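Listed here are the chains, written in short residue letters.
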Amino acid sequence: LLEPLHGVTYGAAATSNVEYMARLSPKGYEATSQGLLSGLRGVGSIVGLSLGGWLDDAYGAKVMYRLHATIVAIGLGIFLFTDRRQRYRRVSDDEGEESSEQAIEVELSVS
């Protein structure tokens, strides 16, 4: 019943990943960031599936899902922390640009 929603959520996640990486990357390096994202997703899938299979065999499904939930929670915390720093940095940069533009305007009006 809920399986058709997987296509919608996957498409939304893939699109937002592309946009987020483009926003984080320096000008001219957007394609490089997309390549890194794709590579990390591939490595993450390999490691996650291998580790999950080993954990399921060794300790059972309950331990495997609890450990994966913990890893996801840690990843969410890292994302929220870095996203907040990125927003703060962007606001600081924007304020710096405005003050330098104002200084240029003052210099031009004085001259």
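The preceding data block contains the structure.
Presented here is a report on the structure given in the accompanying data block.

Rules behind the numbers
Residues numbered from 1 in each chain as written. Predicted model: local features only at pLDDT ≥ 70, side-chain atom pairs only at ≥ 80, totals over all residues. Heavy atoms only, no water. Patch = residues over 30% accessible without salt bridge, like charges linked within 9 Å, V, L, I, M, F, W, Y side chains within 5 Å. Areas by Shrake-Rupley, 256 points an atom, 1.4 Å probe, with all protein chains shown as cover. Salt bridge = Lys/Arg side-chain N within 4 Å of Asp/Glu carboxyl O. Helix = DSSP H or I, 4+ residues; strand = E, 2+ residues; numbered from the N terminus. 1 Å grid on protein atoms, 1.4 Å probe; cavity = no way out; pocket = protein on both sides within 12 Å on 5 of 7 lines; lining within 4 Å. Points joined across faces, edges and corners; volume = space filled by probe spheres on them. Nonpolar A, V, L, I, M, F, W, Y, C, P; charged D, E, K, R; others polar. Phe/Tyr/Trp six-rings, centres within 6.5 Å; stacked < 30°, edge-to-face > 60°. Buried < 20%, exposed > 50% of the residue type's maximum accessible area, 1.4 Å probe, protein only.

On to a nonpolar patch on the surface, then. Where nonpolar side chains cluster on the molecular surface, the patch consists of Val43, Val47, Leu51, Trp54, Tyr59, Val63, Leu67 and Ile71 and spans about 740 Å² of accessible area. Counting residues per element, the ones that place at least two in the nonpolar patch are helix H2 (30–59) and helix H3 (61–110). Among the elements that line the nonpolar patch, the one with the most residues is H2, at five residues. Tracing the sequence through the fold places tryptophan 54 in helix H2.

Next up on the list: the layout of surface pockets. Considered as a void within the structure, the largest pocket measures approximately 600 Å³ in volume. Surrounding the largest pocket, 14 residues form its lining, Asn17, Leu37, Leu40, Arg41 and Gly75 being those nearest its centre. Here the lining of the largest pocket takes six residues from H3, the largest share from any one element. Looking at the lining of the largest pocket, its residues break down into eight nonpolar, five polar and one charged.

Once that is clear, we can look at the packing of aromatic side chains. Inspection of the entire model under this criterion finds two aromatic pairs. A ring pair is formed by tyrosine 20 and phenylalanine 79, whose centres lie 5.5 Å apart and whose planes are at 55 degrees; its orientation type is tilted. Remark: phenylalanine 79 occurs in helix H3 and tyrosine 20 occurs in helix H1 (residues 3–24); sequence separation between them is 59 residues. We classify tyrosine 20 as buried; its relative accessible area is 16%.

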